[in-house]
Amino acid sequence: FGYPDNTFSQPKNIFFGHVIATLVGILFVTFLETSFITLAIAVGIAVMLMMAFNVTHPPAGGNPIIVMIGGVSFEYLFFPVIVGVITIIAMGIFYNRLILKRKYPIT
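About the thresholds
Residues numbered from 1 in each chain as written. Predicted model: local features only at pLDDT ≥ 70, side-chain atom pairs only at ≥ 80, totals over all residues. Heavy atoms only, no water. Core = buried A, V, L, I, M, F, W, Y, C linked by side-chain atoms within 4.5 Å. Buried < 20%, exposed > 50% of the residue type's maximum accessible area, 1.4 Å probe, protein only. Helix = DSSP H or I, 4+ residues; strand = E, 2+ residues; numbered from the N terminus. Contact = heavy atoms within 4.5 Å. Phe/Tyr/Trp six-rings, centres within 6.5 Å; stacked < 30°, edge-to-face > 60°.

K.L.:
How do you make sense of the nonpolar core when you look at a structure like this?
P.N.:
Across soluble globular proteins, nonpolar side chains show a tendency to be buried alongside one another. Counting residues in hydrophobic clusters, the biggest one holds 11 residues: Ile20, Ala21, Val24, Phe28, Leu39, Ala42, Ala46, Met50, Val55, Ala60 and Met68. Among the secondary structure elements, those contributing two or more residues to this core are helix 1 (11–31) and helix 2 (36–52). Excluding residues that lie within four positions of it along the chain, Phe28 makes contacts with Thr38, Ile41, Ala42, Ile45 and Met68.

Shown next, in the form of structure tokens:
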């Protein structure tokens, strides 16, 4: 909402950034014990994958921490993550196009 022209704020980045980061957190919590080390490694891997797939979304970097501390399962990926991300994208489009009359998304 604050920087709609930024590449990191585009729908592709928002959606896939959150999905990738949450999936990494779920895989870590499923197969490894949660500790400060595994939290740090999960965040690093999530950021690395977002960069590798060119879908970096900085707020999504915190998803593995939330997932691992909460000890959630795969259902968490669909609700609230995917439902929430779709809602955020829809509200971003509504806010920028209809209220502020800006072109969004730009890509």
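K.L.:
Help me understand the packing of aromatic side chains in this model?
P.N.:
To describe a pair of aromatic rings, you give the distance between the ring centres and the angle between the ring planes. Counted by the stated rule, this structure contains one aromatic pair. Aromatic side chains Phe15 and Phe16 sit 5.1 Å apart centroid to centroid with 90° between the ring planes, which places their arrangement in the edge-to-face category. On the basis of relative accessible area, Phe15 is assigned to the partly exposed category, the value being 23%. Classification of Phe16 as partly exposed rests on a relative accessible area of 41%.

K.L.:
How should I be thinking about unusual backbone geometry in this particular structure?
P.N.:
Most peptide bonds adopt trans geometry, and most residues besides glycine take a negative phi value. Phe79 connects to Pro80 through a cis peptide bond whose omega is 25°. Structurally, the position occupied by Pro80 is in helix 4 (residues 75–99). Note that the residue after Tyr104, namely Pro105, is joined by a cis bond; omega there is 0°. Within the fold, Pro105 resides in the segment after helix 4. Even without being a glycine, Asn54 presents a positive backbone phi close to 55°. Position of Asn54 relative to the elements: it lies in the loop between helix 2 and helix 3 (63–70). Located in the positive-phi region is Lys101, a residue other than glycine, with phi close to 60°. Its location among the elements puts Lys101 in the segment after helix 4. Judged by its relative accessible area of 65%, Lys101 is exposed.

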